[in-house]
Number of protein chains: 2
Amino acid sequence: MSSVRCHVSMSLDGFVAGPDQSAQNPVGVGGKRLYPWVFASKAWHAHQGREGGERTVDCEVIEEVLDGVGSYIMGRHMFGGGEGPWDESWRGWWGEEPAFRAPVFVLTHHPREPLVLRGTTFTFVTGGVTAALEQAQRAAGGQAVSIAGGAATMRQFLAAGLLDELYVHLVPVVLGAGERLLLDVGDPTLLPVKVVHSPRATHVKYRVVR
Amino acid sequence: MSSVRCHVSMSLDGFVAGPDQSAQNPVGVGGKRLYPWVFASKAWHAHQGREGGERTVDCEVIEEVLDGVGSYIMGRHMFGGGEGPWDESWRGWWGEEPAFRAPVFVLTHHPREPLVLRGTTFTFVTGGVTAALEQAQRAAGGQAVSIAGGAATMRQFLAAGLLDELYVHLVPVVLGAGERLLLDVGDPTLLPVKVVHSPRATHVKYRVVR
């Protein structure tokens, strides 16, 4: 069975997005302060098809979280396109050739035909996290399923006991407000299995004991 | 000038004590889950004058936080003895020979004569954090001042911009409720300067840029 993993940047006070999230500002006020370790890295530049960036331990972490992923699951908010029934002209935030390059399953309450873009097909799942996970695991071809976000979707998988691995990128900022990852997720048993660090983040990989 | 430092065990969801703290249970419900890395260690056993315990990286962290401390500051709740004017028969939680072995300054609204125990003198300071820090720095003899706790006192020093170093022992548990360290502390600039880890905790030392 595919392992189910999730990685997330978190402030030292536990926020994974700032307050006042919106379509215009999906990471909330101040939320961009969680990502300098990503945006400075050579690996991120390369993933976006660009030159430049720094070669640091943060790079290795980015390569690690991108490696071996057979499919993704994301929430409706992350895919975008507003609330309610679909306006099918909405094709996601990522252009005509999204960098996922793997099947993506979108949790939604509203049915929609699959959206086939270059290298990435978005499939819309109305059966909840368990149905999405079954489809994502079949599509993953033995590789991992990655829970891409947002925070509410990550929380659902953690609370339902469906995660095998939670990789926290602990960023040295205090946001003071915003959206928490670890709220109403029960009492998961976490084993730290890897820690690497740079000045921009301390990366702690936890195995979630099922 | 003495550096001012603080170290604290924190759950992955940001709590430094469980809910329902009381004189009978000062760490709150579930709060003991923050301390296995301490209680299992040889260094803690030795500090308590006992044999046994494990020799791990957690030991080295305990030795590091005990080393080079010239004086301590703590809040009234940590010292104990209830609220309001002092019942002078209360001599702290730590017996007649407390393991501090250094001057301790207790923040309080109620004056009291110094309490001299074997190796440790408790001095009661009614002038607030700045007055306590001045006295503690004079007493430290060039060594560090350690903010011993509780969480409210740590928060006061951090919010007032008086800390030089915050050493977080990030423990792989989700408490779900309790007292947070990083609430209403403003937006301190934190630089991670050291990370070590064991299965029981990830220790991240932050320099607080003044």
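For the structure, see preceding data.
Calculation criteria
- Residues numbered from 1 in each chain as written.
- Chains lettered and ligands numbered in written order.
- Predicted model: local features only at pLDDT ≥ 70, side-chain atom pairs only at ≥ 80, totals over all residues.
- Heavy atoms only, no water.
- Contact = heavy atoms within 4.5 Å.
- Buried area = accessible area lost by both parts, 1.4 Å probe.
- Salt bridge = Lys/Arg side-chain N within 4 Å of Asp/Glu carboxyl O.
- Polar contact = N/O pair within 3.5 Å; in protein donor to acceptor, adjacent residues only side chain to side chain.
- Helix = DSSP H or I, 4+ residues; strand = E, 2+ residues; numbered from the N terminus.
- Phe/Tyr/Trp six-rings, centres within 6.5 Å; stacked < 30°, edge-to-face > 60°.
- Lys NZ or Arg CZ within 6 Å of the ring centre and 35° of its normal.
- Pairing = 2+ DSSP bridges.
- Axes fitted to C-alpha atoms, helices over the stretch in contact; angles between N-to-C directions.

Colleague: So what exactly am I meant to see when it comes to the interface of chain A and chain B here?
Modeller: Listed as interface residues are 23 residues of chain A and, on the opposing side, 22 residues of chain B. It is Leu12(A), Val174(A) and Leu182(A) in chain A that bury the most area against chain B; as a group they hold 26% of the surface buried on that side. Between chain A and chain B we count two salt bridges in total. Between Asp187(A) and Arg33(B) there is a salt bridge; the shortest N-O distance is 3.0 Å. The tally of links from chain A across to chain B stands at two residue pairs in polar contact (both at pLDDT 80 or more). The set of elements that each furnish at least two residues to the side of chain A that touches chain B consists of strand 10 (189–197) and strand 11 (202–209) of chain A.

Colleague: Whenever I open this one, the packing of aromatic side chains confuses me. Can you help?
Modeller: Working definition: an aromatic ring pair is given by the centre-to-centre distance plus the angle between the planes. All names here are of chain A. All chains considered together, the criterion is met by 24 aromatic pairs over all chains. Within the aromatic cluster, the residues linked to one another by ring pairs are Tyr 72, Phe 79, Trp 86, Trp 94, Phe 100, Phe 122 and Phe 124. When the ring centre of Tyr 167 is taken as origin, the NZ or CZ atom of Lys 205, which lies over that ring, is 5.2 Å away.

Colleague: Honestly, the sheet that holds strand 1 (residues 4–11) of chain A in this entry has me stumped. Any pointers?
Modeller: In a beta sheet, neighbouring strands pair by backbone hydrogen bonds and run either parallel or antiparallel. Residue and element names in this part refer to chain A. The strand order 5-6-4-3-7-1-8-11-10 describes an open sheet built from nine strands, whose pairing is mixed. Looking at which strands have only one partner, the edges of the open sheet turn out to be strand 5 (115–117) and strand 10. With direction set aside, neighbouring strand axes in the sheet form an average angle of 25 degrees. In this structure, strand 5 lies alongside strand 6 (residues 120–125), joined through three bridges in antiparallel fashion. Paired with Leu 115 across the bridge in strand 6 is Phe 122. Those strands touched by helix 6 (residues 151–159) are strand 1, strand 3 (69–74), strand 4 (104–107), strand 7 (144–149), strand 8 (165–171) and strand 11, and its axis lies near 135 degrees from that of strand 7.

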